[in-house]
Amino acid sequence: MAYETILYDVADEIATVTLNRPAKMNAYTTTMGAEITDAMIRADADADVRVIMITGAGDRAFCAGADMSMFASDIKTREEKPAVTERRARAVVSLPQVMRNLSKPTIAAINGYALGVGCTIPLLFDVRIASDNAKMGVIFPRVGLMSELGSSYLMPRLIGLARTAEMMLTGRQYPAGECLAMGLVSRVVPLANLMTTARELAGDMLQCSPTSLAYTRKALYQGLDGTLETAMAFEGFALEKCYVSPEHKEYVAAFLEKRKPNFKKAKA
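The rules behind these values
Residues numbered from 1 in each chain as written. Predicted model: local features only at pLDDT ≥ 70, side-chain atom pairs only at ≥ 80, totals over all residues. Heavy atoms only, no water. Pairing = 2+ DSSP bridges. Helix = DSSP H or I, 4+ residues; strand = E, 2+ residues; numbered from the N terminus. Axes fitted to C-alpha atoms, helices over the stretch in contact; angles between N-to-C directions. Contact = heavy atoms within 4.5 Å. Buried < 20%, exposed > 50% of the residue type's maximum accessible area, 1.4 Å probe, protein only. Polar contact = N/O pair within 3.5 Å; in protein donor to acceptor, adjacent residues only side chain to side chain. Salt bridge = Lys/Arg side-chain N within 4 Å of Asp/Glu carboxyl O. Parallel < 35°, antiparallel > 145°, perpendicular 65-115°, else oblique. Nonpolar A, V, L, I, M, F, W, Y, C, P; charged D, E, K, R; others polar.

Asks: An account of the sheet that holds strand β4 (residues 61–63) is needed here, citing residue identities and associated values.
Replies: Spatial ordering of the open sheet is given by β4-β6-β8-β9, a layout of 4 strands whose pairing is mixed. Sheet topology places β4 and β9 (173–175) at the edges, where each strand pairs with a single neighbour. Mean inter-strand twist for the sheet, computed between neighbouring axes without regard to direction, equals 20°. The pairing of β4 with strand β6 (residues 113–115) spans 2 bridges and is classified as parallel. Across the sheet, residue A61 finds its bridge partner in β6, namely Y113. Contacting β8 (135–137) and β9, helix α6 (residues 161–170) runs over the sheet at an angle of about 125° to β9.

Asks: With reference to specific residues and values, describe the pairing of strand β1 (residues 6–11).
Replies: Alignment of β1 against strand β2 (residues 14–19), held across 6 bridges, turns out to be antiparallel. Pairing of I6 across the sheet is with L19, part of β2. Where β1 hands over to β2, the hairpin turn is made up of 2 residues, of which D12 adopts a positive phi near 55°.

Asks: Which residues make up the side chain of T55, and what are the values?
Replies: By the element assignment, T55 lies in strand β3 (residues 51–56). Classification of T55 as buried rests on a relative accessible area of 6%. One polar contact links T55 to N111, side chain to side chain, over a distance of 3.2 Å. For T55, the residues in contact, after removing those within four places along its chain, are V17, T18, L19, F62, A109, N111 and M195.

Asks: Explain the pattern of salt bridges to me, using residue names and the numbers behind them.
Replies: Under the defined criterion, the tally for this structure stands at 7 salt bridges. The partner of R21 in a salt bridge is D67, and the shortest N-O contact between them spans 2.9 Å. Linking R21 in the loop between β2 and α1 (30–45) with D67 in the loop between β4 and α2 (68–80), this pair joins segments that are 46 residues apart in sequence. In this structure, R21 and D67 share a single accessibility class: buried. Here the residues in one salt-bridge network are R163, E166 and R172, joined through shared partners.

Asks: Now, about the packing of helix α9 (residues 210–222) against helix α10 (residues 228–243): what can you tell me, with residues and values included?
Replies: Between two packed helices, both the angle of their axes relative to each other and the distance between the axes serve to describe the pair. Where α9 contacts α10, the axes come no closer than 10 Å and their chain directions differ by 175°. With respect to each other, α9 and α10 are oriented roughly antiparallel. The segment α9 lies against α10, with T211, S212, Y215, K218, A219 and Q222 engaging F234, F237, A238, K241 and C242. Of the residues contributing to the contact of α9 with α10, the split by class is 6 nonpolar, 3 polar and 2 charged.

No statement about biological role is implied by the geometric values presented.
This is the structure we're talking about:
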């Protein structure tokens, strides 16, 4: 698939998706949403990809929200073609479901403004790191809209109900330091170091067993809704799968042979 609004690159087992509308501060469109979803499915199916990252082009914004021209078009479409609006709504729903079911770890590198949908997209990623010039805000109430992409489910589980309510009921923008303090991101680094830091984090993930990461990721998200008992049951199931995986056998052999394990070879 040829992309209009994003860039897709694979290097060193890392797929990088870049929101690529820098002149518009990477403003979101329905086309961009469909392309992000396609890129995630593509990366998850690619045997040469083990970690997926997303960032924005330029140094001003990850995504400054939805394109205002899209809002104007949507208002007209809702009035004239309600069926088209319904199809668009279904397309938006698919990204959270795709992200939840990925088998590979994901990283959001937030460079600059991340507002509205630019704030809710990173919530779908496993790890979020931000540049020191980043600002995040759930600005939907200030434009007469409602948070989406499952953010009303995800954000309270990430930062608690009180902080989520403050963000979602005020529409304020929060600097990177506050986002770090509330746990919305796990690291804040200078803008110049953002992608290097993201790749280093991805490199740490590449040192791990793909089978282990896939099951661990699934366990973490199932645990959001489950009980201690269901978590322990799934961990037991997954651990048995890991015990017999090629990666675990490769690690044991490498340990005995005093060498670094080659999980890529073991997976083949």
